Amino acid sequence: TTTAHNVTMPATVNAGDLLVVVFCNASAATVTTITTPSGWTKLSEDAGGSVCNMGIYYRVADGSEDGTTVNFVTSASRRATAMTYRIAAGTFDAGTPIEVGPLNSGASVSPLVPAYSPSWGELDTLVIAAVGSDNLRAVTARVIGYSDALQASGTTSSLSTAASVYGAHAVYRSPNTWPAQFT
């Protein structure tokens, strides 16, 4: 466990690409906070009490990030893990590159993806559904309709100090058609 958590960026990052990091650390009995790295914008942070703390961060790349690491610092020594997405320049609105819906916390192995309507209405929207877990709870299948389900987990023999992130993505036009639950 440590307070410094170096998150690796994709091997190829071009200027203007959008980088999104979903970061999760095990909170144990004490709520921890995550310091937003310089040059990054925090979209949301859910200090899930004694469960886990999950933050979502982004930056528009300047092209120097290829394979580098970004240090996400926690206020207490914790295990953590992260998932990084690279969205190619020109495929998103640079004026409003990203919005985040409500975060949903709890202890379910089939967590719900909260309903959300983006400010731009019924346009094609990349939806990234992510779940943070403090103890290697198994989300055994992806959300129906989402693709490329990913999992990043820290390793530990103590379930109460582990951290995992599960993520999947899809493109939808109408918020009413978004799938709602990891299974």
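Reference entry: report on the structure contained in this document.

Rules behind the numbers
Residues numbered from 1 in each chain as written. Predicted model: local features only at pLDDT ≥ 70, side-chain atom pairs only at ≥ 80, totals over all residues. Heavy atoms only, no water. Helix = DSSP H or I, 4+ residues; strand = E, 2+ residues; numbered from the N terminus. Buried < 20%, exposed > 50% of the residue type's maximum accessible area, 1.4 Å probe, protein only. Contact = heavy atoms within 4.5 Å. Areas by Shrake-Rupley, 256 points an atom, 1.4 Å probe, with all protein chains shown as cover. Pairing = 2+ DSSP bridges. Salt bridge = Lys/Arg side-chain N within 4 Å of Asp/Glu carboxyl O. Core = buried A, V, L, I, M, F, W, Y, C linked by side-chain atoms within 4.5 Å.

This paragraph deals with the overall build of the chain. A tally of regular secondary structure across the chain gives 0 helices and 10 strands. For the chain, the N- to C-terminal ordering of α and β elements is β-β-β-β-β-β-β-β-β-β. In the chain, buried positions account for 39% of the 183 residues. Intrachain contacts of the chain at a sequence separation of at least 6 include 75% that bridge at least 24 residues. As displayed, the chain offers around 8700 Å² of accessible surface, 51% of which is attributable to carbon and sulfur atoms.

What links the strands of a sheet is backbone hydrogen bonding, and the strands pair in either a parallel or an antiparallel sense. One open sheet accounts for 3 strands, arranged 1-6-3; its pairing is antiparallel. Only two strands of the sheet have a single neighbouring strand rather than two, namely strand 1 (2-8) and strand 3 (34-35).

This part is about the pairing of strand 7 (residues 80-87). Within a regular beta strand, the side chains point alternately toward one face of the sheet and then the other, so they alternate between its two faces. Residues T81, M83, Y85 and I87 line the buried face of strand 7, whereas the alternating positions A80, A82, T84 and R86 sit on a face that is not buried. Sheet topology places strand 2 (residues 18-26) next to strand 7; 8 bridges connect them, and they run antiparallel. Counterpart to V22 in the pairing with strand 7 is M83.

What follows is about the pairing of strand 6 (residues 69-78). As judged from the 6 bridges shared by strand 1 and strand 6, these two strands associate in the antiparallel manner. Paired with T8 across the strands is T69, a residue of strand 6.

Further remarks concern the environment of F72. Residue position: F72 is located in strand 6. Accessibility expressed as a relative area gives 0% for F72, which makes it buried. Sequence-wise, F72 and S38 are 34 residues apart; in three dimensions their C-alpha atoms are separated by 9.7 Å. With near-sequence residues (within four places) excluded, F72 lies in contact with T3, A4, H5, V7, V21, F23, I34, T35, P37 and Y57.

Our focus in this paragraph is the pattern of salt bridges. Side chains carrying opposite charge are able to pair once their charged atoms draw close together. With the rule as written, the count across this model stands at 3 salt bridges. Taken together, the salt bridges that share partners define one network made up of R59, D62 and E65.

Moving on, we get to the nonpolar core. Membership of the largest hydrophobic core is limited to 12 residues, which are V7, M9, V13, L19, V21, F23, I34, W40, Y57, A61, V70 and F72. Considering every element that reaches this core, the biggest residue donor is strand 2, with 3 residues. Not counting residues within four places of it along the chain, the set of residues in contact with F23 comprises H5, V7, I34, N53, M54, G55, Y57, F72, T74, A80, T81 and A82. Counting residues in hydrophobic clusters, the runner-up holds 11 residues, among them V22, M54, I56 and Y85.

Mapped onto the elements, L18 comes out in strand 2. Between the C-alpha atom of L18 and that of F92, which follows or precedes it by 74 residues, the distance is 8.2 Å.

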